[in-house]
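Chains, contacts and geometry: an overview
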Amino acid sequence: QGQDETVKAPGALVISAYVTCPDVSKTVTPDLKLREEGRLLYVDLGCGNHRVGGSSLAQVYNQVGQETPDVNDSELLKRAFPVVQTLISQGLISAGHDRSDGGLITTLLEMAFSGNCGLQVNLQDHDLTDPIRLLFAEELGLVFEVHEDVEPGVLKAFSLAQVPCVAIGKATVDFAANIKVNGVSVLEGDTREFRDLWEETSFHLEALQANPRCVEQEREGL
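Note on numbering: residues in each chain are counted from 1, in written sequence order. Totals for whole chains, interfaces and linings use all residues, but because this is a predicted model, local features are given only for residues with pLDDT of at least 70 and pairs of side-chain atoms are given and counted only at 80 or more. Side-chain measures here rest on the full set of heavy atoms in the structure, leaving out hydrogens and waters.

Overview of helix α3 (residues 104-115)
Applied cut-off: Secondary structure elements follow DSSP: runs of H or I no shorter than four residues count as helices, runs of E no shorter than two count as strands, and numbering proceeds from the N terminus. To estimate the expected span of a helix, count its residues, drop one, and scale the result by 1.5 Å. A simple rule labels every residue: compare its accessible area, found with a 1.4 Å probe on the protein chains alone, to the largest value its type can have, and call it buried under 20%, exposed over 50%, or partly exposed in between.
Over its 12 residues, α3 runs 17 Å from end to end, which matches the ideal 16 Å to within 8%, given 1.5 Å per residue. Summarising burial for α3: 11 of the 12 residues are buried, a large majority. Immediately beyond the C-terminal end of α3, within one or two residues, lies N116, with a positive phi of roughly 55 degrees.

Concerning the sheet that holds strand β4 (residues 141-147)
Put simply, the rule is: Here, any two strands with at least 2 DSSP bridges between them count as paired. Lines are fitted to the C-alpha atoms to define the axes, a helix being fitted only along its stretch in contact, and any angle between axes, read from their N-to-C directions, falls within 0 to 180 degrees.
Pairing in this open sheet of seven strands is mixed, and the strands run β2-β4-β1-β5-β3-β6-β7 from one edge to the other. With partners counted over all chains shown, the strands left at the sheet margins are β2 (95-98) and β7 (184-190), one partner each. Between one strand axis and the next, the sheet turns by 20 degrees as a mean value, whatever way the strands run. Summarising the sheet, strand β1 (residues 38-44) and β4 pair through seven bridges and their orientation is antiparallel. Along β4, the bridge assignment pairs Y42 with V143.

Focus on the environment of V64
The condition is simple: What makes two residues a contact is simply this: any of their non-hydrogen atoms within 4.5 Å.
Topologically, V64 is positioned in the loop between α1 (56-60) and α2 (74-89). According to the relative accessible area criterion, V64 is exposed, its value standing at 62%. It is 22 Å that separates the C-alpha atoms of V64 and W198, two residues lying 134 residues apart in sequence. When sequence neighbours within four positions are dropped, the list of residues in contact with V64 reads G53, G54 and A58.

Some details on the pattern of salt bridges
For clarity, the cut-off: Salt bridges, as used here, are contacts in which a Lys or Arg side-chain nitrogen is within 4 Å of a carboxyl oxygen on Asp or Glu.
Summed over the entire model, instances satisfying the criterion amount to eight salt bridges. Salt-bridge contacts for E139 lead to R51; the nearest nitrogen and oxygen are separated by 2.7 Å. Taken together, the residues E139 in the loop between α4 (131-136) and β4 and R51 in the loop between β1 and α1 connect sequence positions 88 residues apart. By relative accessible area, which is 0% here, E139 ends up buried. Residue classification places R51 among the buried positions, given a relative accessible area of 11%. One salt bridge in this structure joins E200 and R219, with 3.0 Å as the shortest N-O distance. One end of the pair, E200, is in helix α6 (residues 191-207); the other, R219, is in helix α7 (residues 212-221), and 19 residues separate them in sequence. What emerges from the salt-bridge pattern is a single network uniting E200, E216 and R219.

A closer look at the packing of aromatic side chains
Inclusion rule: Aromatic rings from Phe, Tyr and Trp, taking only the six-membered ring of Trp, are treated as a pair when their centres fall within 6.5 Å; an angle between ring planes under 30 degrees marks them as stacked, one over 60 as edge-to-face, and anything in between as tilted.
Following the criterion strictly, the structure yields two aromatic pairs and no others. Seen from their ring centres, F113 and W198 are 5.3 Å apart, and the 50 degrees between their planes marks the pair as tilted. Placement of the pair is F113 in helix α3 and W198 in helix α6, with a sequence separation of 85 residues. Ring geometry for F144 versus F158: centroids 6.3 Å apart, planes at 20 degrees, classification stacked. With a gap of 14 residues between them, F144 in strand β4 and F158 in helix α5 (residues 151-160) connect regions that are remote in the sequence. In this structure F144 comes out as buried when scored by relative accessible area, which is 5%.

A closer look at unusual backbone geometry
Look at N62: it is not a glycine, yet its phi comes out positive at around 60 degrees. Note on placement: N62 falls in the loop between α1 and α2. A positive phi angle, close to 55 degrees, is found at N182, a residue other than glycine. Summarising the element assignment, N182 is placed in the loop between β6 (176-181) and β7.

In structure tokens form, the structure reads like this:
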């Protein structure tokens, strides 16, 4: 009512592209599906970098940072793309997600949230002394779930293309999440509780835009 109000929001650039799709049924969703029979594979397309400038983590701490993620090796990205497309066309990837929106730990948890399951993960990076950067850097990278029977073949496909890909863990039938870095546990708990925390910010924002009672009913329904 006659007063100025500042609304803070990150800038966004939306680029739309159109391309033919030979088979619309060949899709991969983030939800983990295979439980104990699946294996999680991590493809690092960031050349070992863990830059957190401009990340969601930096924003939480009201920071910007100095170094932001970038494409350091476009040829690596170019080599990875056809390998992924071939594996999808062969039906060898059951779930997939990228780490560029929240970092590796967010990627893994979102895959468990949508799959309604737990996970056991052990990340290895002995050159990195700060696990926070490994977990939250929004560098280029992918996480896939494949069946244990095809894991060797998938790893070989990436190796032949000179694309780094390593096994990092698996989903579990229960709701226990256990993520380790170099053998040291950095996150333990129930994925259902973590999912509630993950949803909390969205509910707060929604309560400002819709009927709070309806938002609360939606929250309780989940």
